[in-house]
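Given next are the chains, with one letter for each unit.
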Amino acid sequence: MRLPRPVLIATAAATAAAALLITPNGAVADPTPRPGNPVREGSGPSGGPSGGAAKASQDATDRALTAPVTELTDGTGTAGGTRGYPREQVLTPDPDNPADKSVKLGLTPYHAIAPKLNALQRLGDRVSVEIAGRSAGGHRLYLVTVTAPESTRQARAQERMRELIENAPAAAAKDSSVKRDYKTPVFFNNNIHGNEWEGTDASLELIEKLATAKDGSTTDLLAHNRVYFNITANPDGRIAGTRENANGFDLNRDFVTASQPEVRAMRQIAIDKQPALMVDLHGYVNGTLIEPTTPPHGENYEYDLFLKNTYANALGMESAVNGLGYTPAKDGVEPAQIPFRDQEEGWDDWPPIFTPQYMPFHGTVAAHTVEFPMAVNNDEYDELPVTELRRRSAINVAIAGAAMRASLDYARTHRASLVADQIEVFRRSVTGAAQVPVSPETVPGVPGIGPEDVYTTDFPRAYVIPAGAGAQRSAPAAARLVDHLLANDVRVRVATKDFRLGGKAYAKGSYVVDLRQPKRGMANVMLADGRDISDKVSVMYDISGWSLGRLWGATVDTVRSRTPKLSVPDRAVRAAAKVGYVAPRGTLRLRLDDAREIAALNSLLADGVAVRRAADGSAIVPASARGRATVLAKTYDVAFDATKAAGGAALQRVRVAAAVTPGELFALREMNFDVVPVSTAVLNAGFDWSRADVLFASSGLDPARLDTAARTALDGFLARAGLVGRGATGAALNAAAGLLAVEPVEGNPDANGVVRVVNSPGGVTSGAPDHGFVYAPLWFTDLGAGVRVEQSYAAGNPLVSGHWRVLEDGSGGPAQAAGRASVVSGPHAVLFGTEPLFRDHPKGQFPQVARALLTVS
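Given the structure is predicted, the values throughout are model-derived calculations rather than measurements.

Q: For this particular structure, what's the right way to read unusual backbone geometry?
A: The phi angle of most residues is negative, glycine excepted, and most peptide bonds adopt the trans form. Here the amide bond leading from Tyr85 into Pro86 is cis, since omega sits at 10°, within 30 degrees of zero. Cis geometry is found at the peptide bond from Pro295 to Pro296, where omega equals -5°. Tracing the backbone shows Pro296 in strand β7 (residues 294-297). The phi dihedral of Asn191 is positive, around 65°, even though this residue is not glycine. Along the chain, Asn191 falls in the loop between β3 (184-190) and α7 (198-212). Here Ala258, not a glycine, exhibits a phi torsion of approximately 55°, which is positive. Its location among the elements puts Ala258 in the loop between α9 (235-240) and α10 (261-273). Residue Ala258 is classed as buried on the basis of its relative accessible area of 7%.

Here is the structure:
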């Protein structure tokens, strides 16, 4: 299930009998939308599974950071598109694990999947298994393909047609071989939330049926389609019974950032296989929830094509699910619901962080979240009898199977129109055609379309990421952004000469993203500012703003020219140009404006290099460390320039005790800080504060719940060391310790988005972007003596994109935050009212936290 905001509207009231069978936690939808306190990566109120701080291991972080993005491997080392089907391989079994949480539910434990896939491959010539990657916890990710056999020549022909559809859609639309021979790709994604298990088992059952069925419909389906199954997208969570992976990440929030290897694997499947239809299987909403969604709808989609197919397929799934015969009285199962038809708002498809909201940017024209009904996780898992849990799981498996079979029926009977609509998505993109607003006329057969459903955008002509003298400060950020765009299959070109575009001069080496390309929606959804949609709906399901153009630290210019062809001397790039450099002689200077530069600094400090802080906030590195700097320049792609400055105070390696969310823990480790996770429970158990130089607190540490000894130890530490705090948790710790004389003011807890900020020179926000990110924003008033304002919310309405409303009493809105301090500091504390490390996403904000940690420690 998406979770966390319980805003669904049930289509039918549960009967008394159903109430006996169904517990309220995630099983029955709330009757009306309502805002709630935001829940970050975890399912608890402070970001962890039980409201505790993050505690993922360093090993899992290292795997997530270093896991490569590669071609799917079929055991031969052959690239995916060049070998025929079946692509069989014998999988080495995993050791039996009786602690696997699937066992109690009567479902397939992870260690049984490899033997099961080996057996399925032996059933005939329709089933193939490839390894899509490994999870943060090191488990294999299995991609199964079911299709009629193909020779190598036929497989190559399929790949040529796939590329034609994407790259030359006008030609593909006229190509008779595409209409006749192209196998429409269908993708089923399972178990992305680890404790929503049943899609995996339903897929294994369906694969077996498809492998052995002799009926004409199945034969026709497999002759004209490839059916792909991501067996478990989150094996770490499947085994542990957690929503998140081994790093504590909700993978269904990570697609725009792709910080986790599981998400990068799914991203590669989307690019390589180009599904026309996909279903993401979740739990638990009773009755079964089947997308399409309520408003607002992602403004970068070709939504008319998307809604046409997604609604039609939803009707088929609804009929199949209801046709199983489950009833509220007999089984506790409510009739299926389709949010677009049955609800007003609260289950939107606005952000590209969910699988079905990300896949359309790769050409998917029917994409669904399906939530089966019977809750078996969390409290239910612990409290219900095994027999009841297994009864519920069996119902969920049956419903997931019905939804998938109905989707295959739709794919088989609408194969030609699905491919034609995918071609049309790419045609509009490469030609710069306008979007078609949804209406009863443009999407006939879909009821209830109104003005509230119309979301389109004015695509710019291009984006430019400048190079040259004025862009040196953001060079590492620009390289990271370009590589991220390329990884998402966005085409980027680099100027081979100086040029002018949109009335502005740019230097050779600047990057150009021409929006007339197949993945224009992907490019724009990442680089555009986004939109303030506060007045469009009363509540949003998750984040509403995410702009990489504003939050990732690189300068990104928007070009609004209408010229049919860009007159830029350029060439295509496969990777960003390296910016790593070390001056050949003399003392070195390392900027600290980017997370990679912070990581390089921390590596130097860990090696005992005597680094000093310069007046401008950069790091001064002695010439004697040139050899180490050369290694780090290559490792982190950062520049060590020559300087004559001697520097001031010495910088020291900082050991951080971190009571933080999983995303923040991951970001700290990404910057190479020495981190030990802590929480209320850890401190009450007796924490050795000599292991830390500074406390970073944002989640899972409540001073009111500390015992006397733990509270005394914490007070003693804060009196001699320092605190970096974020949000309400950080502000509460500051108040308890009496470090900064400020009054924290909490904004609307449901607010989030990209905001304009004003940074003060020479402090922890020096060199920071003029935009930040907020989630449950905070600001500070009544500043006492010695309190410095490091950053403020901009005047007027600081919200650029997102959703931020006033509360019912008129407080808590962006107008109340305008001009107020968002980051404050003193000799031993820095407090953030913004979210500079949120879900490892706003990369350009990371150095603010790093500077704070280095300053107060």
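Q: It is not clear to me how the side chain of Ser135 should be interpreted in this structure. Could you clarify?
A: With respect to the helices and strands, the residue Ser135 is situated in the loop between β1 (127-134) and β2 (140-146). You can call Ser135 buried: its relative accessible area is 2%. Here the side chain of Ser135 touches Asp236 through a polar contact of 2.6 Å, side chain to side chain. Sequence-distant contacts of Ser135, defined by excluding residues within four places in its chain, comprise Arg63, Leu141, Pro235, Asp236, Pro261 and Glu262.

Q: Would you take a moment to explain the sheet that holds strand β4 (residues 225-230) for this structure?
A: Note: strands within a sheet are paired through backbone hydrogen bonds, in either parallel or antiparallel orientation. Overall, mixed pairing links the seven strands, which are arranged β1-β2-β4-β3-β5-β9-β6 in an open sheet. Pairing within the sheet leaves two strands with one partner each, and these edge strands are β1 and β6 (289-290). Of the pairings in the sheet, the one linking strand β5 (residues 277-283) to strand β9 (residues 366-372) comprises seven bridges and is parallel in character. Across the sheet, residue Asp280 finds its bridge partner in β9, namely Thr369.

Q: Honestly, the sheet that holds strand β16 (residues 570-572) in this entry has me stumped. Any pointers?
A: Here we have five strands laid out as an open sheet, ordered β15-β10-β14-β11-β16, and antiparallel in their pairing. Unpaired on one side and paired on the other, β15 (557-559) and β16 mark the two borders of the sheet. Between one strand axis and the next, the sheet turns through 30° on average, direction left out of account. With three bridges joining them, strand β11 (residues 493-495) and β16 adopt antiparallel strand pairing. Residue pairing across strands places Arg493 opposite Ala572, the latter belonging to β16. The strands touched by helix α18 (residues 475-487) are β10 (462-465) and β14 (511-514); relative to β10, the strand with the most contacts, the crossing angle is about 145°.

Q: Could you clarify how one ought to interpret the packing of helix α21 (residues 595-606) against helix α22 (residues 626-636) in this entry?
A: The packing of two helices is summarised by the inter-axis angle and the distance between the axes. Contact geometry for α21 and α22: axes closest at 10 Å, N-to-C directions at 145°. Between α21 and α22 lies a crossing of right-handed hand. Residue-level contacts link Arg596, Ala599, Ala600, Ser603 and Leu604 of α21 to Arg628, Leu632 and Tyr636 of α22. Looking at the contact of α21 with α22 residue by residue, the class counts come to five nonpolar, one polar and two charged.

Q: What should I look at first to understand the nonpolar core in this one?
A: Inside soluble globular proteins, nonpolar side chains tend to come together where they are buried. Ranked by size, the top nonpolar core spans 150 residues in total, and within it Leu117, Tyr142 and Phe229 carry the most contacts. With 12 residues, helix α16 (residues 386-413) is the single largest residue contributor to this core. With residues near it in sequence (within four places) discarded, Leu117 still touches Leu91, Val129, Tyr142, Val144, Leu204 and Ile231. Judged by nonpolar contacts, the second largest core, of 49 residues, contains Leu592, Leu601, Ala629 and Ala850.

Q: Would you take a moment to explain the environment of Leu143 for this structure?
A: Along the chain, Leu143 falls in strand β2. Accessibility expressed as a relative area gives 0% for Leu143, which makes it buried. When the C-alpha atoms of Leu143 and Val568 are compared, they prove to be 41 Å apart, with 425 residues separating the residues in sequence. When sequence neighbours within four positions are dropped, the list of residues in contact with Leu143 reads Leu72, Ser128, Val129, Glu130, Ala132, Phe187, Tyr228, Phe229, Asn230, Ile269 and Lys273.

Procedures and definitions
Residues numbered from 1 in each chain as written. Predicted model: local features only at pLDDT ≥ 70, side-chain atom pairs only at ≥ 80, totals over all residues. Heavy atoms only, no water. Helix = DSSP H or I, 4+ residues; strand = E, 2+ residues; numbered from the N terminus. Buried < 20%, exposed > 50% of the residue type's maximum accessible area, 1.4 Å probe, protein only. Polar contact = N/O pair within 3.5 Å; in protein donor to acceptor, adjacent residues only side chain to side chain. Contact = heavy atoms within 4.5 Å. Pairing = 2+ DSSP bridges. Axes fitted to C-alpha atoms, helices over the stretch in contact; angles between N-to-C directions. Left-handed = near helix turned anticlockwise from the far one by under 90°. Nonpolar A, V, L, I, M, F, W, Y, C, P; charged D, E, K, R; others polar. Core = buried A, V, L, I, M, F, W, Y, C linked by side-chain atoms within 4.5 Å.

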